[in-house]
There are 2 protein chains.
Amino acid sequence: MCQLLGMNCNTPTDILFSFEGFHRRGGLTDHHADGWGIAFFENKGCRVFLDDKPSVESPVADLVRRYPIKSENVIAHIRKATQGEINLANTHPFMREMWGQYWIFAHNGNLESFHPEAGEHYRPVGTTDSERAFCHLMEKLRVKWSEPPEEDALFEEVARLAAEISANGVFNFMLSNGQSLFVHCSTHLHYIIRRAPFNTAHLVDDDVSVDFASVTTPRDQVAMIATQPLTDNERWTALSPGELILFRDGEPRLIHKQAG
Amino acid sequence: MCQLLGMNCNTPTDILFSFEGFHRRGGLTDHHADGWGIAFFENKGCRVFLDDKPSVESPVADLVRRYPIKSENVIAHIRKATQGEINLANTHPFMREMWGQYWIFAHNGNLESFHPEAGEHYRPVGTTDSERAFCHLMEKLRVKWSEPPEEDALFEEVARLAAEISANGVFNFMLSNGQSLFVHCSTHLHYIIRRAPFNTAHLVDDDVSVDFASVTTPRDQVAMIATQPLTDNERWTALSPGELILFRDGEPRLIHKQAG
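All values derive from a computational prediction rather than experimental measurement. (Residues numbered from 1 in each chain as written. Chains lettered and ligands numbered in written order. Predicted model: local features only at pLDDT ≥ 70, side-chain atom pairs only at ≥ 80, totals over all residues. Heavy atoms only, no water.)

### Side note on the pairing of strand β14 (residues 244–248) of chain A
All names here are of chain A.
1) Next: Where burial is concerned, most of β14 is hidden: four out of the five residues are buried.
2) Next: In this sheet, β14 lies alongside strand β8 (residues 181–184) in antiparallel orientation, the contact comprising four bridges. Counterpart to F182 in the pairing with β14 is L246.
3) Next: Pairing of β14 with strand β15 (residues 251–256), which is carried by five bridges, proceeds in the antiparallel orientation. Residue L244 lies in a different strand from β15, and its bridge partner there is H256.
4) Next: Hairpin connection from β14 to β15: two residues lie between these consecutive antiparallel strands, with D249 at a positive phi of about 55°. (Buried < 20%, exposed > 50% of the residue type's maximum accessible area, 1.4 Å probe, protein only. Helix = DSSP H or I, 4+ residues; strand = E, 2+ residues; numbered from the N terminus. Pairing = 2+ DSSP bridges.)

### Things to note about the sheet that holds strand β12 (residues 221–226) of chain A
Residue and element names in this part refer to chain A.
1) Next: An order of β3-β2-β4-β1-β12-β9-β13 is seen for the seven strands of this open sheet, with the pairing classed as antiparallel. With partners counted over all chains shown, the strands left at the sheet margins are β3 (45–51) and β13 (237–238), one partner each.
2) Next: Where strand β9 (residues 190–195) and β12 come together, six bridges link them in antiparallel fashion. Its bridge partner being in β12, R194 is matched across the sheet by V222.
3) Next: Those strands touched by helix α2 (residues 59–66) are β2 (36–42) and β3, and its axis lies near 135° from that of β3. (Contact = heavy atoms within 4.5 Å. Axes fitted to C-alpha atoms, helices over the stretch in contact; angles between N-to-C directions.)

### Remarks on the pattern of salt bridges
Residue and element names in this part refer to chain A.
1) Next: For the structure shown, the criterion picks out 34 salt bridges over all chains.
2) Next: Across the salt bridge formed by D62 and R66, the nearest N and O atoms sit 3.9 Å from each other. Pair noted here: D62 and R66 are both in helix α2, with a separation of four residues, about one helical turn.
3) Next: A relative accessible area of 65% means that R66 is categorised as exposed.
4) Next: E131 is the salt-bridge partner of R96, the closest N and O atoms lying 2.8 Å from each other. Pair noted here: R96 is in strand β5 (residues 94–98) and E131 is in helix α3 (residues 129–144), with a separation of 35 residues, a long-range link. An identical accessibility class is assigned to R96 and E131; each is buried.
5) Next: What emerges from the salt-bridge pattern is a single network uniting E20, D62, R65 and R66. (Salt bridge = Lys/Arg side-chain N within 4 Å of Asp/Glu carboxyl O.)

### Digging into the relation of the copies chain A and chain B
1) Next: Once turned by 180° and shifted 0.0 Å along the axis, chain A lies on chain B with an RMSD of 0.0 Å. Taken together, the rotation angle and the small translation identify this as a two-fold axis. Within chain A, H121 of chain A has its C-alpha nearest the rotation axis, a separation of 2.9 Å. (Least-squares fit on C-alpha atoms with pLDDT ≥ 70 in both.)

### What to know about the state of the cysteines
1) Next: A complete count under the given rule lists zero disulfides over all chains for this structure.
2) Next: For C9 of chain B, which is in no disulfide, the shortest distance to another cysteine sulfur is to C46 of chain B and amounts to 14 Å.
3) Next: For C9 of chain B, a relative accessible area of 2% translates into the label buried.
4) Next: Considering cysteine sulfurs only, C46 of chain A is the nearest to C135 of chain B, which forms no disulfide, with 15 Å between them. (Disulfide = S-S within 2.5 Å.)

### What to know about the pairing of strand β5 (residues 94–98) of chain B
1) Next: Of all five residues that make up β5 of chain B, five are buried, and the element is covered over most of its length.
2) Next: Counted between consecutive antiparallel strands, the loop separating β5 of chain B from strand β6 (residues 101–110) of chain B contains two residues, among which W99 of chain B sits at a positive phi close to 55°.

### Thoughts on helix α1 (residues 16–23) of chain B
Residues three or four positions apart in an α-helix share a direction because the helix packs 3.6 residues into each turn.
1) Next: With seven of its eight residues buried, α1 of chain B lies for the most part within the structure.
2) Next: Listed in full, the buried residues belonging to α1 of chain B are F17, S18, F19, E20, G21, F22 and H23 of chain B.

### Considering the interface of chain A and chain B
Note on interface size: it is often stated as the accessible area lost on association of the parts.
1) Next: With 35 residues of chain A at the interface, the matching set in chain B holds 35 residues.
2) Next: Counting every contact that joins chain A to chain B gives eight salt bridges.
3) Next: With seven residues, β3 of chain A is the single largest residue contributor to the side of chain A that touches chain B.
4) Next: Class assignment for the residues of the side of chain A that touches chain B results in 17 nonpolar, five polar and 13 charged. (Nonpolar A, V, L, I, M, F, W, Y, C, P; charged D, E, K, R; others polar.)

Here it is in structure tokens:
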């Protein structure tokens, strides 16, 4: 199973501390060694760093660890290949443009039986179930709306499509257009909101701590989302199966829970 | 004016030597200090490194200088902003997906009066004339063909569209889908084909030489294309205004010259 990491903030923030622990899961503290990637939104722009090397020995991961890119929305992924060869075209996160916005997507799970028809607007380049699901999602949204809809309507439609696609298997995913971060859980996803008063956090994967009070201002608010909690002295909230959350400005704004 | 650099080869090759000279033009030997970017195709996959810092002081450029990514098609760009703010969304090269292939584009010039209608399939995210031209080009190709056409037909159509768009100003550009590299000249572009017997080349921008014989095999063939020649002891060929060349496997395969 792959590992997902997401961040959504009310002010551009670097992800160095969390990435420090997360990237060690790519071949060191865990066995997700089939490539990795990270996307940083900076306003409307986006840069995606990809590598098909395991993240613990990747020169690109070294760069990301040293270069404090400040971003309001980040999505990272460490791959354990279930479908599709290990190559760059199959490395998450994936990017497409819709409505004059970049959209970034990463997936953890398996959608073996999912083979939707090729779209008019979006087609996969690689051979993963994940990119197929992403293109299908984009296609459905783009066909429904030729201009960006209201956020509530968009959220409802993403929830509907996520439920539909989830019928084909495990569909934990993160999706962002640089403003909001959509997070959908089939099996494992956890989040935490960090806001004042800030405390010291300690990484699960490495003996590293950070005192957030020393690197933040009192109005900063940061949502961190990960497959498994990254710290061992903070309280993370588990998402329930079928739950979709839209994070904006560092907090959950819209929540959809599956009827139980 | 911006600077363009392209490479097309018959075998995956690193661009370290040429990038060494090229990146110095971003703020050191020349004044193109408004960000830079480079895209590497690896089979169908593509990674794009972008930075809105000048390339001579960019940590991302440091990574690219040290990490020998082997690629058959590379497009790099150093920006001197003429239109659009200096930010990541306006940094070349730009990427879109068409026909299940990634397409990469970078532009040098100015198309001040060019404001085409928003497309059905592709829209700009940033505010540059360059991204507008790229999206327009993609839109026209996608509307004409819903599946990838024969290379000759595609080349003729790109030549027609390039001539049409060029009526709005200066349109030097590079475009690639990972198989072929299209290069169009309005004003300044030069290329060189390196093949056996290989010689030693010396950079214009830095006192660095490389003996290509020691790093190649006899069947390697590499086309380098740049705004201005990168070496001072090799013979570069200047493209003529209105000329479009399709490079494949390290050599010019199709050439369109403007009727004189």
